[in-house]
Structure formats: structure tokens, C-alpha cells
Amino acid sequence: MSKIIQINSINDNSNNLIKGKNVEARYIKPELSEYENNPLIEALPRILTTDESIERLAHFPAFDESMRKLPDHLRFHKLEAGLRFFSPLDVHLDLERRISCLLRSGYIERNPLKHEFYKKIDKAFDSFSQYGDEDDFSSTRYYGFNVVGISGIGKSQTIQRILSLYPQVIRHSNYQGKNFTSSQLVWLKLDCPYDGSTKGLCLNFFQAIDRIFGTNYLKNYGTKRTTDEMLPYLALVAANHFLGVWIIDEIQRLNLASSGGAEKMLNFFTQLVNIIGVPVIMVGTYKALPLFNTDFSQMRRGTGQGDLIWDRMSFDEEWQNFVESLWDYQYTRSEAVLGNKDDLSLVLYEETQGITDLAVKTFIFAQQRAIESGKEKITASIIRSVAKDKFKMLQHALKAMKSKDKRSLEYYEDLYPVFKDSALRTTTISGELANAPEIQARINNEASGVKEVDTNATDASKTSAQSEGKIISFKQNKNSRSNSDKPKLADEKSLVNLFRQTQKENQSFYQVLLDMNYIRQGNEFLEGGLH
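Because the structure is a prediction, the values reported are computed rather than measured. (Residues numbered from 1 in each chain as written. Predicted model: local features only at pLDDT ≥ 70, side-chain atom pairs only at ≥ 80, totals over all residues. Heavy atoms only, no water.)

Asks: Is there a simple way to think about the sheet that holds strand β5 (residues 187-191) in this case?
Replies: What links the strands of a sheet is backbone hydrogen bonding, and the strands pair in either a parallel or an antiparallel sense. Spatially, β5-β6-β7-β2-β8-β9 is the arrangement adopted by the six strands of the open sheet, whose pairing is parallel. Every interior strand has two partners, whereas the edge strands, β5 and β9 (427-430), have only one. Going across the sheet, the axis of each strand differs from the next one's by a mean of 15°, ignoring polarity. With three bridges joining them, strand β2 (residues 145-149) and strand β8 (residues 307-310) adopt parallel strand pairing. Opposite Gly-149, over in β8, you have Trp-310 as the bridge partner. Sheet contacts for helix α7 (residues 198-213): β5 and β6 (245-249); angle to β5, the most-contacted strand, approximately 135°. (Pairing = 2+ DSSP bridges. Helix = DSSP H or I, 4+ residues; strand = E, 2+ residues; numbered from the N terminus. Axes fitted to C-alpha atoms, helices over the stretch in contact; angles between N-to-C directions. Contact = heavy atoms within 4.5 Å.)

Rendered as C-alpha cells:
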């Protein structure tokens with residue numbers, strides 16, 4: 001008998017939950033044959049064209065010239081409209097397409113009108129293991145993907161805007177003349193708990209479902225149960241409510257060192273995707289990359305649509321278009337006109353380093369200061385002064401980004417990614433990082449199968465490779481074993497950075513030093529050589 005869960009009581013607890021629209025199902029004939037005769041897909045909004053996506057995602061607050069004549073105290077309030085400004089960029093459209101495809105492909109094999117769907121749920125419930133063992137109950141594998149990037153670039157805001165294109169809950173009652181009573185949960189977005197525990201994430205999940213549907217899952221499945229006991233019920237609830245996609249934000253909080261908690265949860269996500277067919281999207285800062293680098297199955301799962309590395313914007317045409325759209329919202333008496341790319345646009349980029357959140361805030365702060373000072377016009381000096389005053393704690397990090405000093409950037413885990421070369425094969429890199437020579441070199445080396453660097457390479461190239469934290473095996477010249485062949489570190493900090501890097505990637509510091517010829521095996525100089 002199928003384990004169908006009934007809605008029976010109300011739990012009004014909430015946990016930082018983002019709620020969307022709750023609507024009655026209206027079915028639309030799909031444009032693709034593989035999506036036909038599936039109420040879960042036919043109840044979704046029509047697939048958007050690129051132009052429609054731009055129009056639906058964009059948000060430009062109402063503005064007219066007369067607002068510049070308003071009294072100061074009213075204009076200060078109008079400035080807050082800039083925080084709601086949203087101009088779609090290429091990376092936003094890429095994410096919209098991915099989520100659109102993911103939702104529909106994830107529902108293909110989860111057609112509730114087919115009896116085998118419920119049999120699969122029952123079988124899957126009994127198959128869940130905290131060790132990641134899994135049987136293949138589906139003829140097709142469905143994958144989510146990972147989004148990691150610099151803080152303040154708009155990852156969470158963008159995903160929330162994309163999710164707003166879909167109702168969160170669709171209530172079904174009748175499909176093609178037959179009774180079909182069910183509530184479809186199209187999407188669920190939760191933050192990883194601050195303590196990084198898997199148990200906390202499970203409890204947050206049940207609490208969120210209770211808030212949305214008025215159920216009592218938290219009490220029934222979350223109280224007095226271990227994490228291992230909760231995971232199968234979590235999957236069952238997700239399947240029963242036809243969860244379309246689960247987005248887990250702030251995934252960098254997942255604790256790698258907490259009794260194997262992160263590994264257990266990542267294994268569970270793999271099973272949730274592979275067995276039940278629920279796509280999972282993980283979103284986080286660059287701190288999250290070690291999570292995805294530690295387990296091959298996670299890298300495989302995360303590449304269903306290719307991972308996305310989302311870095312700060314480059315100073316290019318896209319930046320210029322972004323600034324021109326933002327520049328329309330000036331509430332100062334006099335309008336500051338953008339000239340060529342070498343004036344105010346460049347100053348704004350230099351002070352915010354292409355981080356959109358900082359750019360919008362700097363634009364607002366500059367207007368506030370222009371109004372307060374009586375100058376009533378944005379100038380380069382005002383932009384620089386507010387950036388210096390308002391972002392005091394960020395100055396060192398911004399300076400490191402401006403100088404592109406990787407050694408300095410490595411001290412800020414949220415600013416520069418450290419990931420294995422093999423992950424680059426299926427990764428889309430958006431923003432300034434895409435143009436970084438060292439990233440392009442690593443991609444080219446991976447594509448060509450280059451895994452070693454000859455010791456005849458220049459000292460500069462060796463130092464560059466070492467500063468990346470990249471583990472390199474230097475080929476030895478058999479005719480020379482002198483210390484002069486040993487790659488040299490610039491200073492003690494480089495050795496410290498190398499140690500930190502090996503810890504992040506769960507590698508043996510001893511083996512790394514051995515591979516790079518900083519140390520040698522003790523029996524190397526014994527008679528007969530190495531044994």
C-alpha cells in the first residue's frame with residue numbers, strides 16, 4: 001500500500017521561509033511531446049522566450065523628472081527604490097533557462113497518473129541509506145546543479161526572482177475528466193542552518209512544509225528522531241507533495257567537520273535526485289567549493305546542467321549597460337550625465353569592483369551625500385568618499401580584488417575560488433574570473449591532459465602555479481638531484497597558504513611537500529635507493 005501522507009493539522013512555525021503563490025491548476029498543452037499527459041508539467045506556466053524572460057525578470061521602479069523637485073526628506077525615501085532595481089544580465093537568463101528545464105525534466109518520470117510512480121516511492125523509502133548506497137529505480141537520472149560565487153553578486157536575489165515566475169503551490173482536483181486531488185509543491189527554497197547541521201536542515205524542511213500546507217510533519221517526523229531516521233521521511237514528504245526543485249542557499253554553512261554531517265547530507269541529496277527524481281540546486285559562496293570537491297558522486301550530480309561559478313562583473317559592455325540602467329534613478333536636483341567609459345562608470349567600478357550589490361548601494365549613498373552637502377549632483381569625488389566611508393571593513397578585500405593579487409585574495413575565502421581542475425570541465429564561469437589567465441590555462445591544461453609541469457619551466461611559472469594552491473608533480477631530471485632543482489617558495493606565507501589549501505581539499509600536506517620536492521623520503525639515500 002502506498003505511503004500517502006494525509007494533511008491533518010496545522011503547525012504555524014516559520015523559519016526564514018520564502019513563500020510564493022498558491023493557485024488552482026490550469027492546464028496548458030505543452031509545446032513538447034515529452035511533456036504531454038502529465039498534470040504536474042501541464043500545470044506549470046508556459047516556457048518563456050528570452051525576451052519574455054527579460055521582461056518578466058526586470059524590475060525598474062517608476063520614476064519621472066518631477067521627483068527631483070521633491071523636498072529632501074521625501075527624496076531620501078525615494079532613494080530606497082534603487083534597492084529594488086533589477087536589470088537582467090546574461091547570467092540571470094542562463095539561470096532562468098536552467099531552472100525551467102530542470103523543473104520539467106524532473107517531472108517526466110514522476111507522473112502521478114502512472115501506478116508505478118507510487119510503487120517507486122515505496123521502494124525508494126526502504127532503500128535510503130546514510131552510506132549513500134542506492135539502487136537505480138529510474139531509467140533516467142535527473143541532476144541538479146551548484147551555483148557558487150562571490151558574496152553580494154545577487155545569487156539569492158536572482159533565484160528568488162526566477163522562482164517568482166512560478167506559483168509555489170498548485171492545487172489539483174480534476175485532470176482530463178478524472179479525479180486528481182493533490183497539492184503540488186513546485187519549489188522550495190531554504191537556507192542552510194547557521195550551525196551547519198544536517199539535523200537542522202531536516203527540521204527546517206519539515207517546518208517549512210508545515211507552514212505551507214498546514215501539516216504536522218515536524219511533530220510526526222522531526223521530534224525525537226535521529227538524522228538517519230528523518231532522511232527517508234524527508235524524501236517521502238518531498239515525493240508525496242511532488243516537489244519540483246529544492247533550492248538550498250548558504251550551503252557553505254554545511255559543516256564538513258561535524259561528525260561527517262556534510263558527507264551524510266550530500267549523500268542524501270544524491271539519493272534524493274537519483275531515486276526519487278527531485279532536483280536539488282545548491283547555492284553558496286566560494287567557501288562551499290570544498291564540499292563539492294570532496295566527493296566524486298557530488299561532482300557528478302552537480303554537473304547535470306553544469307555547475308555555475310558566478311564572479312563579479314567585468315568592466316565591459318555588460319557593466320556599462322547595467323550602470324546606464326541604474327543611472328536613470330537620480331533624485332538629485334542636477335543630473336550627472338554618463339560620458340564615455342572612463343568617467344563615472346569607471347569610478348563606480350573601481351570602488352565596487354563589479355559587485356552589483358555594492359554598486360547599487362554606492363549609487364544610493366552618493367546621492368544621499370550629494371543632497372546632504374547641497375551639491376545636488378553625483379561626482380567622482382563623492383563616489384570615492386562614500387565608498388571609503390561606508391565600506392571601511394571591505395577596503396582591504398576591495399584593494400586585493402583591484403590589484404588582482406591572488407596571494408592576498410586567498411585570505412578571503414569568499415572572494416577567490418579554489419577548486420579541482422577536473423571540476424572545470426563542466427563548469428560555466430561568469431564574470432571577471434572567466435578572463436583570468438590562470439583559469440584559462442587550467443582549463444586548457446585539463447582539456448589537453450596536461451597534469452605535470454616540467455622542472456625546466458621558468459621560476460615565474462612555478463611560483464604562479466604554487467600560489468594557486470594547485471598540487472603539481474614536478475618531473476625530476478634523473479641526472480640531477482640537487483637542491484637547486486627544488487621549486488622555491490617566495491616566503492613563509494606561501495608555505496602557510498599551501499598548508500591551508502591542502503586542508504581545504506582534504507589532501508595530505510606531507511604528500512604535497514613530497515610531490516613538490518620540498519621533502520624526500522627517508523630511505524632515499526640508503527644503499528639501493530628507494531624501496
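Asks: Would you take a moment to explain the pattern of salt bridges for this structure?
Replies: When the charged atoms of two side chains lie near each other, side chains of opposite charge can form a pair. If you walk through the whole model with that rule in mind, you get 13 salt bridges. Notably, a salt bridge pairs Arg-68 with Glu-65, separated by 2.7 Å at the nearest N-O pair. For Arg-68, a relative accessible area of 7% corresponds to the buried category. The residue Arg-98 makes a salt bridge to Asp-94 at a minimum N-O spacing of 3.2 Å. (Salt bridge = Lys/Arg side-chain N within 4 Å of Asp/Glu carboxyl O. Buried < 20%, exposed > 50% of the residue type's maximum accessible area, 1.4 Å probe, protein only.)

Asks: Just to check I follow, could you spell out the sheet that holds strand β4 (residues 178-185) for this structure?
Replies: Strand order in this open sheet of three strands is β1-β3-β4, and the pairing throughout is mixed. Every other strand in the sheet has two partners, leaving β1 (22-24) and β4 as the edge strands with one partner each. Taken over all neighbouring pairs, the strand axes of this sheet differ in orientation by 10° on average, direction set aside. Strands β3 (169-175) and β4 of the sheet are contacted by α7, whose axis makes an angle of about 130° with β4.

Asks: For this particular structure, what's the right way to read the environment of Thr-270?
Replies: Take Thr-270: it is sitting in helix α10 (residues 261-276). Each C-alpha atom of the pair Thr-270 and Gly-144 lies 9.4 Å from the other, and the pair is 126 residues apart in sequence.

Asks: What exactly am I supposed to notice about the packing of helix α13 (residues 317-326) against helix α14 (residues 344-352) here?
Replies: The description of two helices packed together rests on the angle between their axes and the distance between the axes. Look at α13 against α14: their axes get within 10 Å of each other, and the N-to-C directions meet at 105°. Classified by the angle their axes make, α13 and α14 are roughly perpendicular. Across the interface between the two elements, Trp-319, Gln-320 and Val-323 of α13 pack against Ser-345, Leu-348, Tyr-349 and Thr-352 of α14. Considered class by class, the residues forming the contact of α13 with α14 number four nonpolar, three polar and no charged. (Parallel < 35°, antiparallel > 145°, perpendicular 65-115°, else oblique. Nonpolar A, V, L, I, M, F, W, Y, C, P; charged D, E, K, R; others polar.)

Asks: Could you clarify how one ought to interpret helix α9 (residues 227-240) in this entry?
Replies: An α-helical turn contains 3.6 residues, so any two residues separated by three or four positions project in the same direction. A rise of 1.5 Å per residue sets the reference length of α9, with its 14 residues, at 20 Å; its end C-alpha atoms lie 20 Å apart and thus fit the reference within 8%. Counting buried positions over the 14 residues of α9 gives 11, a clear majority of the element. All of the buried residues in α9 are Thr-227, Met-230, Leu-231, Pro-232, Leu-234, Ala-235, Leu-236, Val-237, Ala-238, Ala-239 and Asn-240. Just downstream of α9, Phe-242 is the residue with a positive phi angle, here 50°. (Expected span 1.5 Å × (residues − 1).)

Asks: Got a minute to help me understand the side chain of Thr-362 in this structure?
Replies: Following the sequence through the fold, Thr-362 ends up in helix α15 (residues 356-373). Using a relative accessible area of 1% as the deciding quantity, one classes Thr-362 as buried. In this structure the side chain of Thr-362 is engaged in a polar contact, spanning 2.7 Å, whose partner is the backbone oxygen of Leu-358. (Polar contact = N/O pair within 3.5 Å; in protein donor to acceptor, adjacent residues only side chain to side chain.)

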